[in-house]
Amino acid sequence: MTAPATADGDAPGTGATGGLARHGLHEDVAAILLGTAFVALGTKMFADAHLVTGGVAGLALLLQHASGVPFWAGFFAVNLPFYLLAWLRLGPAVALRTLVAVSLVSLLSGVIHVWVEFSHLDPAFAALAGGGLCGVGLLMLFRHRTGLGGFNLLAMYLQDRFGLRAGYVQMGLDLAVIAGAVFVLGAGELLFSVIGTVVLNLVLAMNHRPGRYLGSS
């Protein structure tokens, strides 16, 4: 999973969002609660089907499958360095929302088994539905200038600091997570993990584009 540079690539009050009414506080709160709930449910489907995805969430899932470290704990811990990057690149308000969102996903992931358990979960369905839920949840967060940490922030930092292409860095990090899964997952699980990751990114690619959504937080 990745984090947005800004909502639809525009800073608040500029570009496509200039002059338009901002999201209200209640709208931001609702989006963060629903978005993190969708991500928590989607990652539970990945975890229960023994799948992974890209980004920091995929790394946390990989840790869980390989060592038994619970997803909620791994996800929160791995994201710690990204709060500083969020603060430096996007400002304290976005960094705070990122911290809140990551904490909520970790909290919900830790208790979601109390509310949801699957007696049977087909991995193909888990890949499609889990990827879709995570994609929609991230989209909701991105629309409200909130992210979940992620490799995207690191990729943008390396591009600014060393001139490395952010897209290639992001791709390389995601591929590294999937490559690591080769040693943990079976062939079928690896295939469905790739499918789930593609579904997640398709949701974002089709909907998180400049000019497509004009709200601002």
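Each chain has its residues counted from 1, running along the sequence as written. Per-residue local features of the predicted model are confined to residues with pLDDT of at least 70, and side-chain atom pairs are confined, for both listing and counting, to 80 or more; whole-chain, interface and lining totals are unaffected and use all residues. Just so you know, side-chain values use all the structure's heavy atoms and leave hydrogens and water out.

## Quick word on the overall build of the chain
Here is the rule we go by: A run of H or I in DSSP counts as a helix once it spans at least four residues, and a run of E counts as a strand once it spans at least two, with each numbered from the N terminus. Only protein chains enter the accessibility calculation, which uses a 1.4 Å probe; a residue whose area is less than 20% of its type maximum is buried, one above 50% is exposed, and one in between is partly exposed. By the convention used here, residues are in contact when the closest approach between their heavy atoms is within 4.5 Å. Using a 1.4 Å probe, the Shrake-Rupley method yields the accessible areas, and only the shown protein chains count as cover for residues.
The helix and strand inventory of the chain stands at 8 helices and 0 strands. The order of α-helices and β-strands along the chain, N terminus first, is α-α-α-α-α-α-α-α. Split into buried and exposed, the 217 residues of the chain put 48% on the buried side. Considering only contacts within the chain whose residues lie at least 6 apart along the sequence, 79% involve residues at least 24 apart. Element-wise, carbon and sulfur atoms account for 71% of the exposed surface of the chain, whose accessible area totals about 9,900 Å².

## Description of the packing of aromatic side chains
What counts is decided by this rule: Only rings of Phe, Tyr and Trp enter the pairing, Trp through its six-membered ring, and a pair is recorded when the two centres are within 6.5 Å. The plane angle decides the type: under 30 degrees is stacked, over 60 is edge-to-face, the rest tilted.
Applying the stated rule across the entire model yields 3 aromatic pairs. Note on Phe 71 and Phe 75: the rings are 5.3 Å apart at their centroids and 20° apart in plane angle, and the pair reads as stacked. With Phe 71 and Phe 75 both in helix H3 (residues 71–90) and 4 residues apart, the pair spans about one turn of that helix. With respect to burial, Phe 71 and Phe 75 carry one shared label: buried. Seen from their ring centres, Phe 76 and Tyr 83 are 6.4 Å apart, and the 55° between their planes marks the pair as tilted. You can call Tyr 83 buried: its relative accessible area is 13%.

## What to know about the side chain of His 144
Structurally, the position occupied by His 144 is in the loop between helix H5 (123–143) and helix H6 (151–162). Classification of His 144 by relative accessible area gives buried; the value is 9%.

## Remarks on the environment of Val 184
With respect to the helices and strands, the residue Val 184 is situated in the loop between helix H7 (166–181) and helix H8 (187–207). Sequence spacing of Val 184 and Ser 67 is 117 residues, and the spatial spacing of their C-alpha atoms is 9.9 Å. Non-local contacts of Val 184, meaning those with residues more than four positions away in its chain, are made with His 50, Leu 62, His 65 and Ala 66.

## Overview of a nonpolar patch on the surface
What counts is decided by this rule: The patches reported here contain residues having more than 30% relative accessible area and no salt bridge. Joining distances are 9 Å for like charges and 5 Å for nonpolar side chains (Val, Leu, Ile, Met, Phe, Trp, Tyr). One side-chain nitrogen of Lys or Arg within 4 Å of one carboxyl oxygen of Asp or Glu is enough to make a salt bridge.
A surface patch of nonpolar side chains, about 400 Å² in accessible area, is lined by Phe 76, Leu 80, Leu 96, Leu 99 and Val 100. Secondary structure elements with two or more residues in the nonpolar patch: H3 and helix H4 (92–111). The element that contributes the greatest number of residues to the nonpolar patch is H4, accounting for 3 residues. Structurally, the position occupied by Phe 76 is in helix H3.

## Some thoughts on unusual backbone geometry
You will see that His 50, though not glycine, has its phi angle at about 60°, which is positive. One can find His 50 in the loop between helix H1 (25–48) and helix H2 (55–67). When its relative accessible area of 26% is taken as the criterion, His 50 is described as partly exposed.

## Description of the pattern of salt bridges
Oppositely charged side chains may form a pair once their charged atoms are brought near each other. Per the counting criterion, the structure on display carries 2 salt bridges. Asp 48 serves as the salt-bridge partner of Lys 44, at 2.9 Å between the closest nitrogen and oxygen. Within this pair, Lys 44 and its partner Asp 48 are both found in helix H1, separated by 4 residues, close to a single helical turn. When its relative accessible area of 9% is taken as the criterion, Lys 44 is described as buried.

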